[in-house]
Amino acid sequence: MEEDRSYRFLLEMGVPSLLLEGGRWRCFLAPSRLSLSQALHNSCCRKKSTSPKKIISDVTFCDENAKEPENAVDKRFSSEQQASILHVLNTASTEELEAFRLLRGRRAINIIKHRQNFGPFENLESLMNVPLFQYKSTVQVCNSILYSKTGGDKRKLPENRFLRKLLKPDIERERLKAANSIVSIVFGTRRIAWAHLDRKLTVLDWQQNDRWRLMKETTYSSSVYLEEISSIISKMPKADFYVLEKRALSIQNSSLFPILLHFQIMEAMLYALLNKTFAQDGQHQVLSMNRNAVGKHFELMIGDFRTSGKELVKQFLSDSVLKADPRVFFPSDKIVHYRQMFLSSESRRVEELYDSLLQAVAFYELAVFDSEP
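Cut-offs applied
- Residues numbered from 1 in each chain as written.
- Predicted model: local features only at pLDDT ≥ 70, side-chain atom pairs only at ≥ 80, totals over all residues.
- Heavy atoms only, no water.
- UniProt positions renumbered as here; feature names shortened; annotations may be inferred.
- Helix = DSSP H or I, 4+ residues; strand = E, 2+ residues; numbered from the N terminus.
- Buried < 20%, exposed > 50% of the residue type's maximum accessible area, 1.4 Å probe, protein only.
- Contact = heavy atoms within 4.5 Å.
- Areas by Shrake-Rupley, 256 points an atom, 1.4 Å probe, with all protein chains shown as cover.
- Patch = residues over 30% accessible without salt bridge, like charges linked within 9 Å, V, L, I, M, F, W, Y side chains within 5 Å.
- Salt bridge = Lys/Arg side-chain N within 4 Å of Asp/Glu carboxyl O.
- Lys, Arg positive; Asp, Glu negative; His and termini not counted.
- Charge placed at Lys NZ, Arg CZ, Asp CG, Glu CD.
- Pairing = 2+ DSSP bridges.
- Core = buried A, V, L, I, M, F, W, Y, C linked by side-chain atoms within 4.5 Å.
- Polar contact = N/O pair within 3.5 Å; in protein donor to acceptor, adjacent residues only side chain to side chain.
- Expected span 1.5 Å × (residues − 1).
- Phe/Tyr/Trp six-rings, centres within 6.5 Å; stacked < 30°, edge-to-face > 60°.

Going by what an unreviewed UniProt entry lists, the chain is known as Transcription elongation factor, mitochondrial and is assigned to Sapajus apella. Under Sequence similarities (unreviewed entry), UniProt gives the following word-for-word description of the chain: "Belongs to the TEFM family." Recorded in UniProt under Subunit (unreviewed entry), the annotation for the chain is "Interacts with POLRMT."

Given below as structure tokens:
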């Protein structure tokens, strides 16, 4: 009876186990369940038995990698997309498969072996029969193939390393190069600002909001953050990407903890609220951009300290009027409004407003266009 209770307890906790004749327990756990194994170590009852060990076949195993409903992977892609992905999976060599970041190493080798043993893949769902492929990783690999160059046309490794330092999470360069418009978002402790630019570096929208209650609340209420950020997002235009400024704050300085907590909550809220289609297609629309990388691009860094970009933004505004081919273009029907907004911010040192514009320009020049970093 004691063994039965322990057996039921382990099954309810999701611990795979084998019951041997003679009433002896043995627990087998995947590495990811190691901590649970340690916590439940004393619950696995053992007693000596001289009877032969024989596995009871009707014991139900808890499969950590249980599959999604049938054809769940295929339903995520159109018939044309499925055909394109299957063509790569069924024809690419090991080297060509390894050109895709998610297929490097054993995954590429396992795909080749599966093709040799069982023939070509008939649908995307069958990729889950290959070792090291689960539902989530299968979807990610299919997206990687769909939005990357195939046939072993590898991208430059230095460029890849630079992009990984510049933007998080990792994203295919082809998606970046296809961006038609972005919204650059910079937030601080008192305000949030955003700039909407197209690939011609035309400023379609440029705003700030400094009438919020955040950081005035000592409880960091989730409901307050949700209300404030939802209200701000409702004013933002639609874009291919939403780019957030990523600051480097030391967690060793305890006095900065309230600010660090504020930034983390803000970032998490914006990722959740702006990534509206992530659950369906697994594609990131929200990216975090390294603040110091933007500072270096515009030569604003003095050591580890970034200086104000106010004068640079002021130059952009002037050049848009005086030059035939300015670096940043402000539409004639909005230039007066933007100049007034800029002039009214000078006395208050609204860095978020300046930085949102600079970050948008740097995103295009560093991640979208073919200029060298």
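Trainee: Any chance you could break down the overall build of the chain for me, citing the residues and the numbers?
Mentor: Looking only at helices and strands, the chain features 15 helices and 10 strands. Counting over 373 residues, the chain shows a buried share of 43%. Excluding contacts between residues fewer than 6 apart, the proportion of contacts in the chain whose partners are at least 24 apart in sequence is 66%. When the accessible surface of the chain is split by element, carbon and sulfur atoms take 52% of a total near 21000 Å².

Trainee: Describe a positive patch on the surface, with residues and values.
Mentor: Among the surface-exposed residues, Arg101, Arg104, Arg161, Arg164, Lys165, Lys168 and Lys296 lie close enough to one another that they form a single positively charged patch. The element contributing the most residues to the positive patch is helix H7 (residues 157-166), with three residues. Mapped onto the elements, Arg164 comes out in helix H7. Given a relative accessible area of 32%, Arg164 falls into the partly exposed group.

Trainee: Run through the pairing of strand S5 (residues 192-198), naming residues and quoting values.
Mentor: The buried fraction of S5 is high, at seven of seven residues. Burial along S5 is two-sided: the residues Ile192, Trp194, His196 and Asp198 and Ala193, Ala195 and Leu197 are all buried. Both strand S4 (residues 181-187) and S5 contribute to a ladder of seven bridges, which runs antiparallel. Considered in S5, the bridge of Ser181 is made with Asp198. Hairpin connection of S4 to S5: four residues between the antiparallel strands. Across six bridges, S5 lies against strand S6 (residues 203-209) in antiparallel orientation. Across the sheet, residue Trp194 finds its bridge partner in S6, namely Gln207. Adjacent in sequence and paired antiparallel, S5 and S6 are bridged by four residues, among which Leu201 carries a positive phi angle near 60 degrees.

Trainee: Outline the nonpolar core, listing residues and values.
Mentor: Counting residues in hydrophobic clusters, the biggest one holds 43 residues, and the most contacted among them are Trp206, Phe330 and Phe363. Among residues more than four places away in sequence, those in contact with Trp206 are Trp194, Ala195, Val313, Leu317, Phe330, Tyr338, Met341, Leu353, Ser356 and Leu357.

Trainee: Please provide a residue-by-residue account of the environment of Asn275, values included.
Mentor: Of note, Asn275 is situated in the loop between helix H10 (257-274) and helix H11 (278-281). The exposure class assigned to Asn275 is buried, which follows from its relative accessible area of 11%. Setting aside chain neighbours within four positions, we find Asn275 in contact with Leu270, Gln283, His284, Gln285 and Val286. In terms of polar contacts, Asn275 uses its side chain to reach the backbone amide nitrogen of Val286, at 3.3 Å.

Trainee: Describe the pattern of salt bridges, listing the residues and the values that go with them.
Mentor: Two side chains bearing opposite charge may form a pair once their charged atoms approach each other closely. What the rule picks out here adds up to eight salt bridges. One salt bridge connects Arg247 with Glu245, and the closest N-O pair in it is separated by 3.4 Å. Looking at Arg247, the relative accessible area reads 30%, which means it is partly exposed. The exposure class of Glu245 is buried, given its relative accessible area of 7%.

Trainee: Summarise H10; cite the residues concerned and give the values.
Mentor: Look at H10: 25 Å from first C-alpha to last across 18 residues, which is about the 26 Å you get at 1.5 Å a residue. Turning to H10, its buried residues number three or more, namely Leu260, His262, Phe263, Ile265, Met266, Glu267, Met269, Leu270, Tyr271 and Leu274. Packed against the buried residues of H10 are strand S3 (167-168), S4, S5, helix H9 (222-233), strand S7 (241-246) and strand S8 (286-290).

Trainee: Explain the packing of aromatic side chains to me, using residue names and the numbers behind them.
Mentor: Applying the stated criterion across every chain yields a total of nine aromatic pairs. Taking the centre distance of 6.3 Å and the plane angle of 50 degrees together, the rings of Phe241 and Phe363 count as tilted. A residue pair is termed long-range when its members are at least 10 positions apart, and Phe241 in strand S7 and Phe363 in helix H15 (residues 351-368) qualify at 122 residues. Just as Phe241 is buried, Phe363 falls in that class too. Ring centres of Phe342 and Tyr354 lie 5.6 Å apart, and the angle between their planes is 55 degrees; on these two criteria the pair is classed as tilted. One end of the pair, Phe342, is in helix H14 (residues 335-346); the other, Tyr354, is in helix H15, with 12 residues separating them in the sequence.

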